[in-house]
Amino acid sequence: MNRLPSFPTGLIGRIVAILLLTIVIEFGVSVLLYERASEFSVRDDEARRLAEHLVIARRIVDERPRDERAVTAAELTTDRYAVQWRPARPDLPRRAAGLREMEQQVLAWEPSLARSDVHLALASPGQRSVVLGILRLDDGSWLYFRTLEPLRAFDLALGRILLALIPAIALMVAGGLLIRRTLRPMRQLADAVDRFGPGSDPALPPVEEAGPGEVRRLVVAFNGLQARIHRLIDERTRALAAVGHDLRTPLARLRLRTDAIADRDVRTSVQNDLAEMEAMVLSLLAFLGGEGEPERATLVDLAVLCASVIDDANDHGHSATYTGPDHFERAVRRSSFKRALVNLVENAIHYGGGATLTLAIEDGDTVVRVEDDGPGIPEESLALVLEPFVRLDSARKRDTVGFGLGLSIVARAVEAEAGRLELRNRAGGGLCAAIVLPARLGARQ
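1. Some points on a negative patch on the surface
Together, Asp311, Asp312, Asp315 and Glu346 line one region of the surface with negative charge. By secondary structure assignment, the location of Asp312 is in helix H8 (residues 302-315).

Printed below as a string of structure tokens:
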């Protein structure tokens, strides 16, 4: 199936280009036909003037004695035609095919010239509009004539074409503005689609229903779809929040009842199982967004936040260090960003035995790196581990807590901050997970 060529312009540009192409083709054909018709008109007018001049010149020269005919012919020369008398038939270049029609036009205007054996020819191939010819007088002598002004040839007249294109260009500009105004609801719809997403504000007003009928129906369909999606998200959020609350309550009761287990080993195993269940519930609720309304960004001291995550890991007996400034403020969503840091640190501790968290400012960007000395991740799987519910058992230990949502939660939290999560294996072994937040005004040390 053939495809139309791709243009770099938008919908308005394509419509204008199609209209412009149509107008140019129509204009070109019209000019071609007009110029062709003008050519025939000019040739007919030129033939009439030439016929009249030849009739007069033949009559006057025929009436003069032979010794006066040369002077008389010279006197008949005008700014348009040169006339000479020749006692013998002069030689002419080969007759051009296009001049046969002009000869017939001359004889049609002045039938009396038919007995004068009129012949027309071109002066030379380089002077295609200069015509010369001969006609025979009654006594057998000849009149030789030549056009002094070139006859109008078929010419597209570029200047006239450009001049005539000015109104067409003005109409195209006006048409483009009208098309742009007509398609304004499409741009508003595109902007609304860009704004719509998991973190979009449900209170955003619907797109204005305006424009042509087809566009209006599309806007109405989008507004309905947006309302249904927001309703489904709200219902899911409420359901997950209720499930999370209902699950936490029996988990808390079970945790209290474990104290009544006499066997220390059994009590420890049950407590670990409960902790694992609670971690799984919390990670699932965090990933599915079941913890209330979307969090808004506020000014947070990232240096203190990073240091507190490392201190908490050390308090639990893990090996973790922090490197970076003592204070650095930046607007982020504190809870989700802290959860992302905790997930990265816990992964580094779990798989690498320890974590090194570094906060740095590089080229204006805020960069948070968490490095470990573990086995790393196969290069072909670095993108795969960011998908939800994915765990690489071949690269990591199998005693993994949770559903495999840790890095997915990190990626989503970083995306909410307009940043990116970069994973790479360290040259000396281990994994480096870097959160890169773009430079923003308002961040201060």
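Picking up where we left off.
2. Some details on the pairing of strand E11 (residues 431-437)
Residues in a regular strand point their side chains to alternate faces of the sheet. Of all seven residues in E11, seven are buried; the element is thus mostly enclosed. Where burial is concerned, the two faces of E11 agree: the one with Leu431, Ala433, Ile435 and Leu437 and the one with Cys432, Ala434 and Val436 are both buried. Relative to E11, strand E9 (residues 365-371) runs antiparallel, the two being bridged by six bridges. Residue pairing in the sheet places Glu371 in a bridge with Cys432 of E11. Where strand E10 (residues 420-425) lies against E11, six bridges are found, and the strand directions are antiparallel. Looking across to E11, one finds that Leu421 is bridged to Ile435. In textbook terms, the turn of a hairpin is the stretch between consecutive antiparallel strands, and for E10 and E11 this stretch comprises five residues, one of which, Gly429, has a positive phi near 105°.

3. A closer look at the packing of H8 against helix H9 (residues 334-352)
Each pair of packed helices gets described by two things: the angle between the helix axes and the distance between those axes. Here H8 crosses H9 at 40°, and the two axes come no closer than 10 Å. Regarding the angle of H8 to H9, the classification is oblique. Where H8 crosses over H9, the handedness of that crossing is right-handed. Across the interface between the two elements, Leu302, Leu305, Cys306, Val309, Ile310 and Ala313 of H8 pack against Arg334, Phe337, Lys338, Leu341, Val342, Val345 and Ile349 of H9.

4. Comments concerning the nonpolar core
Ranked by size, the top nonpolar core spans 36 residues in total, and within it Leu302, Phe337, Leu341, Val345, Val368 and Ile435 carry the most contacts. When residues of this core are traced back to their parent elements, those giving at least two are H8, H9, strand E8 (355-362), E9, helix H10 (406-416), E10 and E11. If you look at the next biggest cluster of nonpolar residues, it comprises 23 residues, including Ala57, Leu113, Val118 and Val131.

5. Notes on the pattern of salt bridges
For the structure shown, the criterion picks out nine salt bridges. One salt bridge connects Glu52 with Arg48, and the closest N-O pair in it is separated by 3.5 Å. Placement of the pair is Glu52 and Arg48 together in helix H1 (residues 11-63), with a separation of four residues, close to one helical turn. Exposure remark for Glu52: the relative accessible area of 37% places this residue in the partly exposed category.

6. Quick notes on the side chain of Asp372
As for its placement among the helices and strands, Asp372 is situated in the loop between E9 and H10. Judged by relative accessible area, Asp372 falls into the buried class, the value being 5%. Polar side-chain contacts of Asp372 include one of 2.9 Å to the backbone nitrogen of Gly374. Among residues more than four places away in sequence, those in contact with Asp372 are Ala348, Gly352, Gly354, Arg426, Gly429, Gly430 and Leu431.

7. A word on helix H5 (residues 184-195)
Taking 1.5 Å as the rise per residue, H5 with twelve residues should run 16 Å; its terminal C-alpha atoms sit 17 Å apart, in good agreement. Within H5, burial applies to Pro185, Leu189 and Ala192. The buried side chains of H5 occupy one side of the element, clustering within an arc of 60° when seen end-on.

8. A word on the packing of aromatic side chains
All told, the structure shown has zero aromatic pairs when counted by the stated rule. We note Arg86 situated over the ring of Tyr144; from NZ or CZ to the ring centre the distance is 4.7 Å.

9. Topic: H9
Between its terminal C-alpha atoms H9 stretches 26 Å, which fits the 27 Å expected from 19 residues at 1.5 Å a residue. Of the positions making up H9, those classed as buried are Ser336, Phe337, Ala340, Leu341, Asn343, Leu344, Val345, Ala348, Ile349 and Tyr351. Looking at the residues trailing H9, positive phi occurs at Gly353, about 80°.

The rules behind the values
Residues numbered from 1 in each chain as written. Predicted model: local features only at pLDDT ≥ 70, side-chain atom pairs only at ≥ 80, totals over all residues. Heavy atoms only, no water. Patch = residues over 30% accessible without salt bridge, like charges linked within 9 Å, V, L, I, M, F, W, Y side chains within 5 Å. Areas by Shrake-Rupley, 256 points an atom, 1.4 Å probe, with all protein chains shown as cover. Salt bridge = Lys/Arg side-chain N within 4 Å of Asp/Glu carboxyl O. Lys, Arg positive; Asp, Glu negative; His and termini not counted. Charge placed at Lys NZ, Arg CZ, Asp CG, Glu CD. Helix = DSSP H or I, 4+ residues; strand = E, 2+ residues; numbered from the N terminus. Buried < 20%, exposed > 50% of the residue type's maximum accessible area, 1.4 Å probe, protein only. Pairing = 2+ DSSP bridges. Axes fitted to C-alpha atoms, helices over the stretch in contact; angles between N-to-C directions. Parallel < 35°, antiparallel > 145°, perpendicular 65-115°, else oblique. Left-handed = near helix turned anticlockwise from the far one by under 90°. Contact = heavy atoms within 4.5 Å. Core = buried A, V, L, I, M, F, W, Y, C linked by side-chain atoms within 4.5 Å. Polar contact = N/O pair within 3.5 Å; in protein donor to acceptor, adjacent residues only side chain to side chain. Expected span 1.5 Å × (residues − 1). Arc of directions from axis to C-beta. Phe/Tyr/Trp six-rings, centres within 6.5 Å; stacked < 30°, edge-to-face > 60°. Lys NZ or Arg CZ within 6 Å of the ring centre and 35° of its normal.

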